[in-house]
Amino acid sequence: MTFTLEDYLLSLHSGSWFGFTNVTNDNSYKKYANLVIHDDTKSKPSESDCTAGVAAMQEDWDGKAYARSREAEYPSIADQLDDIYHNGIDAWKATIKTTKDKHPKP
Amino acid sequence: MAIVINGSGTVTGLSVGGLPDGTVDAGTLATNSVDSAELIDGAVDDSHMAAMAASKLTGALPAISGASLTNLPAQGITDYSVWLLTSSVGLNGSSSFADITANQAESGQPSYSRIGSAMTVSSGVFTFPSTGYWLVTGHFQAGGSQGYARAQLMATTNNSSYAEVMRSQDESGSQSDYGYLQVHGLIDVTDTSNVKVKFQQGGTAGRFDGGTSPPATQFTFARIGDT
């Protein structure tokens, strides 16, 4: 996933508080130069803040790739409970550890 | 046969066609004395027809070509316009609703061509260009984070207080998945100054996607008949 200026702005406030002018048919208009603020109670973030904000979102997302991979591979909660019931905690922990080892935390 | 003028006031002995052409005028005929049996087929042409009462057009009527009819009121869709959400709107994070107040522009997609007159929009409130029955729809694409999304179509008949027309909710939105919501309503626009519509958003699923490539969230307005 690649984060954009719009993603960062959406993380700041809800509603239709911002928009972009010079609308085209290819979304290229969604850039800082075209940014307008519709809500007088909200301030326009600086371009450097936006650039840093997008970078931080991207870094956070990329840094949690291991967690998303683990989540996709863990057995369902129902299967894990069944594993605990039939095989005990240690066996369940061994199953979970297999996935954790496969996708180590950086 | 000899022609005999009788003392009883009658004439006998006349042959069919025995009177000279043009000698019997309207005054000679008694009132209401000629019925259809005395007319040959096709004898009454257009120039001899007076205005026909509507009451005479009853029962099984002959097929009349639509091309022959005039002065018919306008039928079908006379106005249709498509509007896009050009920037994403952040959902308000709760189950309550908030107006979508900006970033709505008429479509500029190459395949799009408006029929009739366009809507006008100000701070998210859409005004109709003419009275009539209008079919209004809103299609929303939700996404951005785990949660649910809500959309609502609202209408006013006094340009002040709004009532719900339709509400929709989707709970499939997540960071990588999308949810789709649809609202629509038939609006009887009797007064373009007072009957207006707007759209609202709510929920926790992050946002309604806005943009032109692809156009993910859009609003359509179709005038489908006279009010």
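The structure we're discussing is the one just above.
In this report, we go over the structure that sits alongside the text. (Residues numbered from 1 in each chain as written. Chains lettered and ligands numbered in written order. Predicted model: local features only at pLDDT ≥ 70, side-chain atom pairs only at ≥ 80, totals over all residues. Heavy atoms only, no water.)

Points about helix H2 (residues 47-63) of chain A
All names here are of chain A. A rise of 1.5 Å per residue sets the reference length of H2, with its 17 residues, at 24 Å; its end C-alpha atoms lie 24 Å apart and thus fit the reference within 8%. Buried within H2 we find Cys 50, Gly 53, Val 54, Gln 58 and Trp 61. Projected down its long axis, H2 carries its buried residues within an arc of 130°, all on one side. In this structure, H2 carries Ser 48, Thr 51 and Glu 59 as exposed residues pointing more than 90 degrees from its buried face. (Helix = DSSP H or I, 4+ residues; strand = E, 2+ residues; numbered from the N terminus. Expected span 1.5 Å × (residues − 1). Buried < 20%, exposed > 50% of the residue type's maximum accessible area, 1.4 Å probe, protein only. Arc of directions from axis to C-beta.)

Structural notes on the nonpolar core
Counting 27 residues, the largest nonpolar core has Phe 128, Val 136, Phe 140, Val 197, Phe 199, Phe 208 and Phe 221 of chain B as its most contacted members. At the level of elements, strand E3 (79-85), strand E9 (132-144), strand E10 (147-156), strand E12 (179-189), strand E13 (196-203) and strand E15 (218-225) of chain B are the ones that each hand at least two residues to this core. Residue contacts for Val 197 of chain B: discarding those within four places in its chain leaves Gly 124, Val 125, Phe 126, Phe 128, Val 136, Leu 153, Met 154, Ala 155, Tyr 162, Ile 187 and Phe 221 of chain B. Core analysis: the next-biggest nonpolar cluster, separate from the first, contains 14 residues, Leu 10, Phe 20, Tyr 29 and Tyr 32 of chain A among them. (Core = buried A, V, L, I, M, F, W, Y, C linked by side-chain atoms within 4.5 Å. Contact = heavy atoms within 4.5 Å.)

Topic: the interface of chain B and chain A
Taken together, the contact pairs 22 residues of chain B with 20 residues of chain A. Our enumeration of links across chain B and chain A arrives at 13 residue pairs in polar contact (both at pLDDT 80 or more). When grouped by side-chain class, the residues that make up the side of chain B that touches chain A number five nonpolar, 15 polar and two charged. (Polar contact = N/O pair within 3.5 Å; in protein donor to acceptor, adjacent residues only side chain to side chain. Nonpolar A, V, L, I, M, F, W, Y, C, P; charged D, E, K, R; others polar.)

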